[in-house]
6 protein chains.
Amino acid sequence: MFFTDGKLQYPVRVETPDPLFARALQQAIGGVEGEIRVAMQYFFQACGARGNTKFRDLLMNTAAEELGHIEMLATAVALNLEGAPLSIREEVAGDPVGGAVLGGINLKNLLSSGLAAMPVDSDGVPFDMSHIYASGNIAADMTANVTAEATGRVLAVRLYGMTNDPGMKDMLSFLIARDTMHQNQWLAALEELGGHEKAFPIPNSFPQDQEQQEFSYAFLGFQQDGSDPIAGRWSQGQSIDGKGSFKAGPTMAMGQKPTLAPAKPNSGAQSEQM
Amino acid sequence: MFFTDGKLQYPVRVETPDPLFARALQQAIGGVEGEIRVAMQYFFQACGARGNTKFRDLLMNTAAEELGHIEMLATAVALNLEGAPLSIREEVAGDPVGGAVLGGINLKNLLSSGLAAMPVDSDGVPFDMSHIYASGNIAADMTANVTAEATGRVLAVRLYGMTNDPGMKDMLSFLIARDTMHQNQWLAALEELGGHEKAFPIPNSFPQDQEQQEFSYAFLGFQQDGSDPIAGRWSQGQSIDGKGSFKAGPTMAMGQKPTLAPAKPNSGAQSEQM
Amino acid sequence: MFFTDGKLQYPVRVETPDPLFARALQQAIGGVEGEIRVAMQYFFQACGARGNTKFRDLLMNTAAEELGHIEMLATAVALNLEGAPLSIREEVAGDPVGGAVLGGINLKNLLSSGLAAMPVDSDGVPFDMSHIYASGNIAADMTANVTAEATGRVLAVRLYGMTNDPGMKDMLSFLIARDTMHQNQWLAALEELGGHEKAFPIPNSFPQDQEQQEFSYAFLGFQQDGSDPIAGRWSQGQSIDGKGSFKAGPTMAMGQKPTLAPAKPNSGAQSEQM
Amino acid sequence: MFFTDGKLQYPVRVETPDPLFARALQQAIGGVEGEIRVAMQYFFQACGARGNTKFRDLLMNTAAEELGHIEMLATAVALNLEGAPLSIREEVAGDPVGGAVLGGINLKNLLSSGLAAMPVDSDGVPFDMSHIYASGNIAADMTANVTAEATGRVLAVRLYGMTNDPGMKDMLSFLIARDTMHQNQWLAALEELGGHEKAFPIPNSFPQDQEQQEFSYAFLGFQQDGSDPIAGRWSQGQSIDGKGSFKAGPTMAMGQKPTLAPAKPNSGAQSEQM
Amino acid sequence: MFFTDGKLQYPVRVETPDPLFARALQQAIGGVEGEIRVAMQYFFQACGARGNTKFRDLLMNTAAEELGHIEMLATAVALNLEGAPLSIREEVAGDPVGGAVLGGINLKNLLSSGLAAMPVDSDGVPFDMSHIYASGNIAADMTANVTAEATGRVLAVRLYGMTNDPGMKDMLSFLIARDTMHQNQWLAALEELGGHEKAFPIPNSFPQDQEQQEFSYAFLGFQQDGSDPIAGRWSQGQSIDGKGSFKAGPTMAMGQKPTLAPAKPNSGAQSEQM
Amino acid sequence: MFFTDGKLQYPVRVETPDPLFARALQQAIGGVEGEIRVAMQYFFQACGARGNTKFRDLLMNTAAEELGHIEMLATAVALNLEGAPLSIREEVAGDPVGGAVLGGINLKNLLSSGLAAMPVDSDGVPFDMSHIYASGNIAADMTANVTAEATGRVLAVRLYGMTNDPGMKDMLSFLIARDTMHQNQWLAALEELGGHEKAFPIPNSFPQDQEQQEFSYAFLGFQQDGSDPIAGRWSQGQSIDGKGSFKAGPTMAMGQKPTLAPAKPNSGAQSEQM
């Protein structure tokens, strides 16, 4: 169950409204690296968590924080749009900047929402909830969360570099710090789950003697000329999960040329296929 | 540039065609944890890789392998569908199994593709390429790849448990082994990039003195009653990136109650909003 | 800013887990009439509300409630899935019910989420945030919210009729009551905005003398034989907004046969089009 | 069955082609508030209407009109695009307006359709038919239609304010008038269905003694500090459906902390979850 | 501008309602081979047609027919759903057929639309208007239309084979005949545009001396072992457009190993990439 | 199984990076006429091909080529983006071109991928795999492939006309030539399948005496005034499939006014509908 206090987690100020930056901020709301994604991902992972309930609590607590981040960013978008023009003025030919602004924003921020934020990305594409990864495997979920916060911080850093507005830079410096914490937080959760050697390969509940172990730590090459694939930490030494040793070399087809049965009568194929 | 040899990487055999299992296998083709996703993700990451070219080579090599995995699974789907009925027989009332089969498959596998695989998931939803994470940050990409292989192996293990067909179990035991390798491979790449202490927080190129460091390692609580959030590795000790110490406690709003300007005239709002 | 207490707003009990009903409940989570939709719709409307701040507060308060409804339903889905089979047993031919269950659920609830809820509808289609209507016009938003709660209560009533489980019926009887309240609540907000005669036509800020008033209250007929369109309250009497009188009759084209210029050279058209 | 006369319902003239305005008009074609949506929504509601057939007739008649509106807008888009540049001229550095135009249009209007309209919104996102609300409940459908026309008129008013072209303003003044009528028309249909007191709560066929009536007219507060929620028409007085009295106050969790069973063996979870 | 007469183009009768067949028919409404697609494709092609207006008239005339086909199929779906159960009866364990029916339909046809048709495919996926191909090139459009009618007739034939209901077979035998006509109609339009030798390669307005003619009629082999690609009509003889002669053989890379510049400072990449 | 050599099929050079052109090139990667579409379409058609295996080989060979085209275009996008600004400079008001560039690109190419290509179209919309047509009917598939290459060449020609960069023009002149070949190649495959008279109507396996032959070659008119539809090759003479003669004339409804049963009790409809 959720509660609100009607306030923002951290101050949101815009000194010079910039409609183009409003468009960019939309990526942090409705982009695949954005805040809707993390809020809903942690929420659904929490709802489906089985086993030790501390992970449910950890996830739902952070989901609550991320909801507040959407709110901060949505406020920032609305404030940045307050300077946007509503019409293509007659003088547009003589005032290219005006035209550039209208051409450069997501028009839906004007036409659909009346100068407010929307759950879309920086090109106006709506967020699609298939991006909520909640696998039922707690280690896979924690890994997905590290990824989400890594791409999220990359995005926040790009936004930070794009603006000169002191209010926006201040807000982003807070969000970047929270992404630092959240990357560490999910890595810490993976450590509680045993780290690389206990948690991997994910899922750790599958008996590895049932997999084709000849291929479990082999770096196979798919170079057309049959040469070895590029060498690196992945081609020699102990595997990261501590359960094997990397080996490397070119590979070739072990399987057949596939053949399917002819098409069935009445299956809508051409006669020649039957 | 790509080449093909017309053969399968590993043998694909189906002893007893099972249309319901064909539907389940679709998840491994067109699901968000499936093979189209990894093939295209590694491909686009390779195409956009900047810096040391060994990562481009590593990524494109593995993209080539994953294309072959789509091919294996598509063959498996087609072979499993060869036993599917094409019509609702008159006797369906007296033969519930027949009806259950037609009701239980993705009908598009019959109506749209004529008993062949499609780039859709196990509920018939087409794969959407927004799931291709290629961030331009090599460490974020490697983390995303560990996630992709973790969820991919979880899926393959679930499919393995769902079938009794020896051919299918053999194929899946190979794919599970490859997922083991690929999890390790991307973790190894992260190790080459310096591991937790050098690569994190991602991106490592942002000067941390520009983030609000007070919040960079703080586990904030959002419990309605103001209690502390659940304790764990994430609430005390050195941070995983080695650059701070975790602390924890409840939090409260630092920001204002947000206020937006009244709606502009001619903005399509109600008069009362202006 | 949001807080959680880790509990459910109302008890969620499942006496007899039913995987088919879990699938049906998914519609109330990720369907276009579902709880993600209302939670996010009220949230974004609140964030973009301009004018009297009481509407922001009203909206955000109810957004918080709806987040708790998603949580209740996600718990209900997970509990109902606890009885689902994980494998296609050898005996499926002799036990059609087993096959029907696996065929009848969203396979992603098993393969992707490990027997937990997902942000998808009852056919496994992910929720798409383009369904969040937040127009920047407070009266249009309130109308959209009445619609959301009307279709939401229709759905909840259908789910209520579909199950015999006492726990599920109890939970739904609560959600149906809340939908009753929320329909009334948004209608009450429309009343505060002046009701039919002050709020309509939406937006009420557009001077009606700039519209083609000859057509503002005319019920036009598009019957191929030129007959009058079906009569009703909409074809005579005062208009509902009190600003005109309905009239009715057949219509015919007032505009031209459209003609476009020939295709430009170099525009990728056929030569014959230029 | 449908017929056409090859003409436009109302004249469409463009005096000064404006590619940016063409982009904006796309929202009225393929946006969620656009004409494809209403045409198809009324069409599908008509096809599924059960009960008094006058509603089927009313709906299909208006669907026919809306198809003509798509045609008008598609013509307007094509005419506005006739001035668009096809190439990034060498002089773009010295002629920023040229670059702004190409940058400001939906490039698909040029690259995919050759300077013609497409079923996409103003940011190039294709219309998705999940926006067709046809619930099988005639009162819910009428409410959805008021919403569609309310957001549609808001959009048309915004477009009207954005352009100075007399032909475009004339066309929009007609479409705005039709939206006025259609809002009134669907409100009139709701009045025929009994208005607020007979039609609500929707569906009116569910016996209210089966809902948890204690919560049917209660405005619950979800303020973190336990304070009362914002007061208004929704917190006191008779409910709008005339079947209860509003009351208001803070609320708290009535349900349990949710607990799910441990993960099943072979379910792809981590060992620690089992 | 469009008109309706409220009747169906051809009789629609269902003798024995079959909810599973209703689900299959949904593919012919909202599938990518379905009637919404052709109706809207011809409509948008008509609206954007430049050059000889006879093609606009041809396209809009057929768009009107296809709208009537959606209406027929939507009626067929609603009639087939009239036998569907609304609840999971207590006796489901003892009556597997009942469970199979509920499990086998698109639940949205019950939960969202109340036993009526929806603009979705046979797996409940909504139609997405990006499938409307209207290229601005009249020959490309006609080719796309042949494709649409070819896949449409394949689908109709599959549906015909799936049902035993005389009414449904009669309706489908009409729709199959119309698909025969429409395939021929668009092929005839291509013949009017000059057939293979005048219309191809599409677009015929591009001067072929500006393409790399060495590769214009060469069937290149991408076999890993450097062998010749499979021979056929495509590897020798005059090209179908009459403008060259086919030749065939293996190929190899002509381009470089791609190298991108290092990542820019402040671009969110890892330090190592800069 | 697939292999790579790490090189580009044809040289990719960019003399003057142009971020707007990078955006346009995205259409050729992730647009519905783009290279992902053809690569994956041929791949899935190959995997599902039944009957003569030469078509599988033909399709998979060309799929390999198209994968290389995605690689070329992705490289071209990254090279064109190397000149893009990363920030909204203070001087934007005085330097409208800078603003126009940031406003004119897909911001995701900057914010999500760090100046690299993505699997999205020129307006930032991700590619959706429902566009992969693989029907199980080899003639329908070949027709779909002609369409894909026709719209693909139209797009490439538009891109060629949009740029002045010699490197980009050279790359596109190669891709245009390949589209010429591929149009011819698939037309040649149709010729091997018997051409118009043997392959059409598709599918050729359905006995035409089971269709309503009265309507198989009739060009029906849907003009509101009952006039004849526009005449052309499609209204007289032998049909293109050689199996009938075209005839033409107006048509009228043969079917009934549709009537559905009243809504069922407990179906969520209004009482008045039951």
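The rules behind each value
- Residues numbered from 1 in each chain as written.
- Chains lettered and ligands numbered in written order.
- Predicted model: local features only at pLDDT ≥ 70, side-chain atom pairs only at ≥ 80, totals over all residues.
- UniProt positions renumbered as here; feature names shortened; annotations may be inferred.
- Helix = DSSP H or I, 4+ residues; strand = E, 2+ residues; numbered from the N terminus.
- Buried ≥ 20, exposed ≤ 12 C-beta atoms within 10 Å, placed from the backbone.
- Contact = placed C-beta atoms within 7 Å.
- Least-squares fit on C-alpha atoms with pLDDT ≥ 70 in both.
- Nonpolar A, V, L, I, M, F, W, Y, C, P; charged D, E, K, R; others polar.
- Axes fitted to C-alpha atoms, helices over the stretch in contact; angles between N-to-C directions.
- Parallel < 35°, antiparallel > 145°, perpendicular 65-115°, else oblique.
- Left-handed = near helix turned anticlockwise from the far one by under 90°.
- Domains from an automatic or database assignment.

S.K.: What is the right way to read the UniProt feature "binding site: Mn(2+) 2" (unreviewed entry) in chain A from this model?
M.R.: Residue and element names in this part refer to chain A. The positions UniProt marks with the feature "binding site: Mn(2+) 2" (unreviewed entry) are E66. As for its position among the elements, E66 is in helix α3 (residues 54-81). Residue E66 is classed as buried on the basis of its C-beta count, with 25 C-beta atoms lying within 10 Å. With residues near it in sequence (within four places) discarded, E66 still touches E35, V38, A39 and Y42.

S.K.: For this particular structure, what's the right way to read the relation of the copies chain C and chain D?
M.R.: Copies of the same chain, two in number, are related to each other by a rotation about an axis and a translation along it. Note on the identical chains: chain C maps onto chain D by a rotation of 180 degrees and an axial translation of 0.0 Å, with an RMSD of 0.0 Å. The relationship between the two copies is best expressed as a two-fold rotation axis. When you check the interface residues of chain C against chain D, 100% turn up at the interface there too, and the contact is symmetric in its surfaces.

S.K.: Would you explain the interface of chain C and chain D in this entry?
M.R.: Interfaces are frequently sized by the accessible area removed from exposure as the parts join. Between chain C and chain D, the contact holds 94 residues from the first and 94 residues from the second. Listing elements by their share of the side of chain C that touches chain D, those giving two or more residues are α3 (54-81), α6 (138-162), α7 (166-192) and β2 (218-221) of chain C. Counting residues per element, the side of chain C that touches chain D draws most heavily on α7(C), which supplies 15 residues. For the side of chain C that touches chain D, the per-class residue count stands at 47 nonpolar, 31 polar and 16 charged.

S.K.: I keep staring at the interface of chain C and chain F and nothing clicks. Help me out?
M.R.: Tallying the contact residues gives seven residues for chain C and seven residues for chain F. Within the side of chain C that touches chain F, the residues separate by chemical class into two nonpolar, four polar and one charged.

S.K.: Explanation requested: the packing of helix α6 (residues 138-162) of chain E against helix α7 (residues 166-192) of chain E in the structure shown.
M.R.: Packed helices, taken two at a time, are described by the angle between their axes plus the distance between the axes. Residue and element names in this part refer to chain E. At their nearest, the axes of α6 and α7 sit 9 Å apart, and the two run at 160 degrees to each other. By the angle between their axes, α6 is roughly antiparallel relative to α7. Like other packed secondary-structure pairs, α6 and α7 cross with a definite hand, here left-handed. Residue composition of the contact of α6 with α7, grouped by class: 15 nonpolar, six polar and four charged.

S.K.: Honestly, the UniProt feature "binding site: Mn(2+) 1" (unreviewed entry) in chain A in this entry has me stumped. Any pointers?
M.R.: All names here are of chain A. Under the present numbering, the feature "binding site: Mn(2+) 1" (unreviewed entry) in UniProt falls on E35, H69, E149 and H182. A maximum C-alpha distance of 13.1 Å among these annotated residues, which run over 148 residues, shows that they cluster at one spot. When you line up the elements, E35 lands in helix α2 (residues 35-48). Here E35 falls in the buried class, since 24 other C-beta atoms lie within 10 Å of it. Residues within four places of E35 in sequence aside, it is in contact with A28, I29, E66, H69, I70 and L73. Locating H69 in the fold gives a position in helix α3. In this view, H69 contacts E35 and L175; residues no more than four positions away in its chain are not counted.

S.K.: Is there a simple way to explain the domain arrangement of chain A in this structure?
M.R.: In terms of domain boundaries, chain A breaks down into domain 1 (19-197) and domain 2 (207-274). Each of domain 1 of chain A and domain 2 of chain A has a C-alpha centre, and these two points are 37 Å apart.

S.K.: Whenever I open this one, the relation of the copies chain C and chain F confuses me. Can you help?
M.R.: Laying chain C over chain F is done by rotating through 180 degrees and shifting 0.0 Å along the axis; what remains is an RMSD of 0.0 Å. Interface residue correspondence from chain C to chain F reaches 100%, placing this contact among same-surface, isologous pairings.

S.K.: Before we go on, may I ask you to explain the environment of B:G244 in this structure?
M.R.: All names here are of chain B. Among the secondary structure elements, G244 is positioned in the loop between β2 (218-221) and β3 (247-250). Distance in space between the C-alpha atoms of G244 and S216 is 8.0 Å, their sequence separation being 28 residues. Residue contacts for G244: discarding those within four places in its chain leaves S216, Y217 and S239.

S.K.: Before we go on, may I ask you to explain unusual backbone geometry in this structure?
M.R.: What is expected of a backbone is that most residues other than glycine have negative phi and most peptide bonds are trans. In this chain, C:I202 is followed by C:P203 through a cis amide linkage whose omega measures -5 degrees. Phi angles above zero are rare outside glycine, and A:L115 is one such case at about 65 degrees. Among the secondary structure elements, A:L115 is positioned in the loop between α5 (108-111) and α6 (138-162).

S.K.: What is the right way to look at the packing of helix α2 (residues 35-48) of chain D against helix α3 (residues 54-81) of chain D in this model?
M.R.: Residues and elements named next belong to chain D. Axis separation between α2 and α3 bottoms out at 8 Å; the angle between their running directions is 160 degrees. Of the possible angle classes, the one that applies to α2 and α3 is roughly antiparallel. Between α2 and α3 lies a crossing of left-handed hand. Judged by residue contacts, E35, I36, V38, A39, Y42, F43, Q45 and A46 of α2 engage R56, L59, M60, T62, A63, E66, L67, H69, I70 and L73 from α3. Considered class by class, the residues forming the contact of α2 with α3 number 12 nonpolar, three polar and three charged.

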